[in-house]
Amino acid sequence: MVRQFILSIAILLLSLFSHSFAQSSLMRFVDGSGNTLAQAQIIEQDGGLYLPIQTLREAFDPGMKQQYIELTKRLTLNLKEKQLRLRIGSLAVSADSDETQLSLAHPPRIIEGQLMLPLSFFTDLLPEIYDFRVTHNPVIQTIHITDKAAPLPELTTDTATEGPAKFLVILDPGHGGADTGYRGTTLRAEKDIVLDLAKKIEEVARQNQVAVLLTRDADFEQRPRERIDIAQNNLGKLFLSLHCNASFSQHAAGIHLYVSNSLGITYVDRPPTNPSRASQNSVTIETLSQENFLKQSRQFATILQTELEKLSPAPIPLSELPLATLAAVYMPAVLIEIGYLSNEADEARLADPENLALIAAGIVQAIQTYVTESDQAEATANGR
Ligand SMILES: [Zn+2]
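Quick notes on the rules
Residues numbered from 1 in each chain as written. Predicted model: local features only at pLDDT ≥ 70, side-chain atom pairs only at ≥ 80, totals over all residues. Heavy atoms only, no water. Helix = DSSP H or I, 4+ residues; strand = E, 2+ residues; numbered from the N terminus. Buried < 20%, exposed > 50% of the residue type's maximum accessible area, 1.4 Å probe, protein only. Polar contact = N/O pair within 3.5 Å; in protein donor to acceptor, adjacent residues only side chain to side chain. Salt bridge = Lys/Arg side-chain N within 4 Å of Asp/Glu carboxyl O. Donors = N, O, S within 2.8 Å, 3.2 Å for Na, K, Ca; no water. Pairing = 2+ DSSP bridges. Axes fitted to C-alpha atoms, helices over the stretch in contact; angles between N-to-C directions. Contact = heavy atoms within 4.5 Å. Parallel < 35°, antiparallel > 145°, perpendicular 65-115°, else oblique. Left-handed = near helix turned anticlockwise from the far one by under 90°.

Student: Give a detailed account of the side chain of asparagine 137, specifying residues and quantitative values.
Tutor: With respect to the helices and strands, the residue asparagine 137 is situated in strand 12 (residues 132-137). What makes asparagine 137 buried here is its relative accessible area of 2%. Side chain to side chain, asparagine 137 and aspartate 217 meet in a polar contact 3.5 Å long.

Written out as structure tokens, the structure reads:
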């Protein structure tokens, strides 16, 4: 009864979340190599999205000079050897001694005492004046800044317009930015390996008309809550978290699959890490949300296990543990550790693009099998 009550509240909250406009309140600026240049909280005002002027200095020109005259509300920016003149509350922008007149979609504003520029200043205006490309990815709120001559950055897809019936898979490459995850002997970090794999899976998925969305598509830090919001707001149907393992034993090797279960039942190997969490008292809204999908999570994990064992010399273990990463995910979810960075052979395997491509193909095949099985189960349930 209490469980049902908590569940209905959880569903209510989720339906509210899924209608919110911005996917994440944090905007990240990323360069062509995937490094984070700046990040800032996005503020929404009168239908426009705003970023503090400081991000312009951090992401585009550390030597930028700004002058604001309160009386006239005029804002002058000396940015990359050009002068831009704006006015608070006005859509007009002039550049280079009034020779260039441009217009913004929303006016610059002062919000809570801070000079704020509209998103269109970054995405539309800057590329018109300067020689770089600015690509905004609204799904995970990143702005990629690249050379105009460089190829278009590969952005994770925006599937929001393709209808709610679409089966969207959320790929969650672990760690990022300062959080490197494990590092192997060759200093290749877990954060980079799992991002490579996520991009590989995305590529194979596209070729097979499987819709996927990455919770990060470059090297930046992403909080667990943001990852889950991206999954939830985009109505993901399946969540796959990608990680690498490490062990004190150099002999520990191979892929390992995990499903989150707050009761911590391990039915292959490995005891639960913290048996005290197995008490009924540990059931909260967070654990309850993934708990509701335990059956489907197990089903997908089992399919993955079968598919990936085709590539593995040894059987792939599947464990159930209380996993903080997956506990609050409100959809079937599996965590995969694709190998041990503490094991030399595994590390070499993970550095090999051909091997990553095989794993990616196996994962996409498993997704397709899972979708087919779910469709059949639904058809049977509906008496078709
Ligand atoms: Zn990890």
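Student: Account for the pattern of salt bridges, naming residues and giving values.
Tutor: Here the structure, examined in full by the defined rule, presents 11 salt bridges. Between glutamate 202 and arginine 206 there is a salt bridge whose closest N-O contact spans 3.7 Å. Pair noted here: glutamate 202 and arginine 206 are both in helix 4 (residues 190-207), with a separation of 4 residues, about one helical turn. A residue is classified by how much of its surface remains accessible, and glutamate 202, at 5% relative accessible area, is buried. For the salt bridge of aspartate 346 with arginine 349, the shortest nitrogen-to-oxygen distance reads 3.3 Å. Taken together, the residues span about one helical turn, with aspartate 346 and arginine 349 both in helix 9 (residues 344-351) at a distance of 3 residues. With relative accessibility at 5%, the residue aspartate 346 sits in the buried group. Assessed through its relative accessible area of 24%, arginine 349 is described here as partly exposed.

Student: So what about the coordination of the zinc ion? Which residues, and what values?
Tutor: The protein atoms that coordinate the zinc ion are His175 (NE2), Glu190 (OE) and His243 (ND1), at distances spanning 2.1 Å. Sequence spacing of the donors to the zinc ion: H-x14-E-x52-H. Note that glutamate 190 is positioned in helix 4 and histidine 243 in strand 16 (residues 238-245), a separation of 53 residues in sequence. The pair formed by glutamate 190 and histidine 243 is uniform in burial state, with each residue classed as buried.

Student: Quick rundown of the sheet that holds strand 2 (residues 36-41)? Include the residues and the values.
Tutor: One open sheet holds the 4 strands; their spatial order is 2-1-13-12, and the pairing between them is mixed. Of all the strands in the sheet, the pair left with one neighbour each is strand 2 and strand 12. Averaged over all pairs of adjacent strands, the angle between strand axes in this sheet comes to 15°, irrespective of strand direction. Each of strand 1 (26-31), strand 12 and strand 13 (142-147) touches helix 3 (residues 119-129); the most contacted strand, strand 12, lies at about 150° to it.

Student: Residue-level account of the packing of helix 7 (residues 294-309) against helix 10 (residues 353-381), with values.
Tutor: Direction vectors running N to C along helix 7 and helix 10 enclose 135°, while the axes themselves pass 9 Å from each other. Comparing their axes, helix 10 and helix 7 come out oblique. For the pair helix 7 and helix 10, the sense of crossing is right-handed. Mapping the contact onto sequence places Gln296, Gln299, Phe300, Ile303, Leu304, Glu307 and Leu308 in helix 7 and Ile359, Gly362, Ile363, Gln365, Ala366, Ile367, Thr369, Tyr370 and Glu373 in helix 10.

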